[in-house]
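Examination of the molecular architecture
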Amino acid sequence: MPKFITIGYGDEAGYERTPRPVRDAAHAQDARLRSEGAVMGIAGVPVQVRNPEARGMETRDGPFMSSALPIAGFAIIEAADLAEAIEKVSRVPCAVAHGVVEVWPLNETP
């Protein structure tokens, strides 16, 4: 079954202004995805890693990219195709609480 990486963006203000029943249903969707084998996590503080031409590692605290909303979390889900993956994440907390979820097809390498 194809796998997809999802990145959820959202903030506390958007979450708090979403009605509790909608949030509760979104958390239930997260639970369903976990029961299907999704690996989910809350985003921590990132570290950038570079090693130009394998000549010396460099690290820098913080994200490489920025957005208007902070990254809230990540998941790896399975779905028959992109349309099904989109449907599955359309009901998770970031999608319904005034945030956004990116869905990236994961093309595994051998």
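Before any of the text, the structure's been laid out above.
Quick caveat: nothing in here was measured; it's all calculated off a predicted structure.

Moving on, we get to the sheet that holds strand S6 (residues 100-106). Read from one edge of the open sheet, 4 strands run S2-S5-S1-S6, paired in antiparallel fashion. Strands with a single pairing partner mark the edges of an open sheet, and in this sheet they are strand S2 (39-42) and S6. Neighbouring strand axes in the sheet, compared pairwise and without regard to direction, differ in orientation by 15° on average. Across 4 bridges, S2 lies against strand S5 (residues 71-78) in antiparallel orientation. Residue pairing in the sheet places Ile42 in a bridge with Gly73 of S5. On top of the sheet, helix H3 (residues 82-89) reaches strand S1 (3-9), S5 and S6; it is set at about 150° to S6, its chief contact.

Residues Ala85, Lys88 and Val89 constitute the buried set of H3. On an axial view of H3, the arc spanned by its buried residues comes to 85°, and they lie on one face. For H3, the secondary structure elements touched by its buried residues are S1, helix H2 (20-35), S5, helix H4 (93-96) and S6. The N-capping residue of H3, defined by a side-chain oxygen 3.2 Å from the backbone nitrogen of Ala83, is Asp81.

Looking now at the nonpolar core. Listed in full, the 11 residues of the largest apolar core are Phe4, Leu33, Ala38, Ala75, Ile77, Ala79, Ala85, Val89, Val92, Cys94 and Val101. Those residues in contact with Ala79, other than ones at most four positions away along the chain, are Met1, Pro2, Phe4, Glu84, Ala85 and Lys88.

Turning next to a nonpolar patch on the surface. A contiguous nonpolar patch, built from Val47, Val49 and Met57 and spanning about 320 Å² of accessible area, is present on the exposed surface. With respect to the element layout, Val47 can be found in strand S3 (residues 47-50).

Bringing the side chain of Thr18 into the picture now. For Thr18, the position within the fold is in the loop between helix H1 (12-16) and H2. Thr18 sits in the buried class, given a relative accessible area of 3%.

This part is about the environment of Val92. Among the structural elements, Val92 can be located in the loop between H3 and H4. When its relative accessible area of 8% is taken as the criterion, Val92 is described as buried. Taking the C-alpha atoms as reference points, Val92 and Asp24, 68 residues apart in sequence, are found 9.7 Å from one another. Non-local contacts of Val92, meaning those with residues more than four positions away in its chain, are made with Ala26, Gln29, Asp30, Leu33 and Val101.

Turning next to the packing of aromatic side chains. The relative placement of two aromatic rings is captured by the distance of their centres and the angle of their planes. This structure, assessed with the given rule, holds 0 aromatic pairs. Above the ring of Tyr15, the side-chain terminus of Arg23 is found at 4.6 Å from the ring centroid.

Another point: unusual backbone geometry. The backbone of Ala54 shows a phi angle near 55°, a positive value even though the residue is not glycine. When you line up the elements, Ala54 lands in the loop between S3 and strand S4 (58-61). The backbone phi angle of His98 is positive, close to 65°, even though this residue is not glycine. With respect to the helices, strands and loops of the structure, His98 is situated in the loop between H4 and S6.

So, how was this worked out
- Residues numbered from 1 in each chain as written.
- Predicted model: local features only at pLDDT ≥ 70, side-chain atom pairs only at ≥ 80, totals over all residues.
- Heavy atoms only, no water.
- Pairing = 2+ DSSP bridges.
- Helix = DSSP H or I, 4+ residues; strand = E, 2+ residues; numbered from the N terminus.
- Axes fitted to C-alpha atoms, helices over the stretch in contact; angles between N-to-C directions.
- Contact = heavy atoms within 4.5 Å.
- Buried < 20%, exposed > 50% of the residue type's maximum accessible area, 1.4 Å probe, protein only.
- Arc of directions from axis to C-beta.
- Polar contact = N/O pair within 3.5 Å; in protein donor to acceptor, adjacent residues only side chain to side chain.
- Core = buried A, V, L, I, M, F, W, Y, C linked by side-chain atoms within 4.5 Å.
- Patch = residues over 30% accessible without salt bridge, like charges linked within 9 Å, V, L, I, M, F, W, Y side chains within 5 Å.
- Areas by Shrake-Rupley, 256 points an atom, 1.4 Å probe, with all protein chains shown as cover.
- Salt bridge = Lys/Arg side-chain N within 4 Å of Asp/Glu carboxyl O.
- Phe/Tyr/Trp six-rings, centres within 6.5 Å; stacked < 30°, edge-to-face > 60°.
- Lys NZ or Arg CZ within 6 Å of the ring centre and 35° of its normal.

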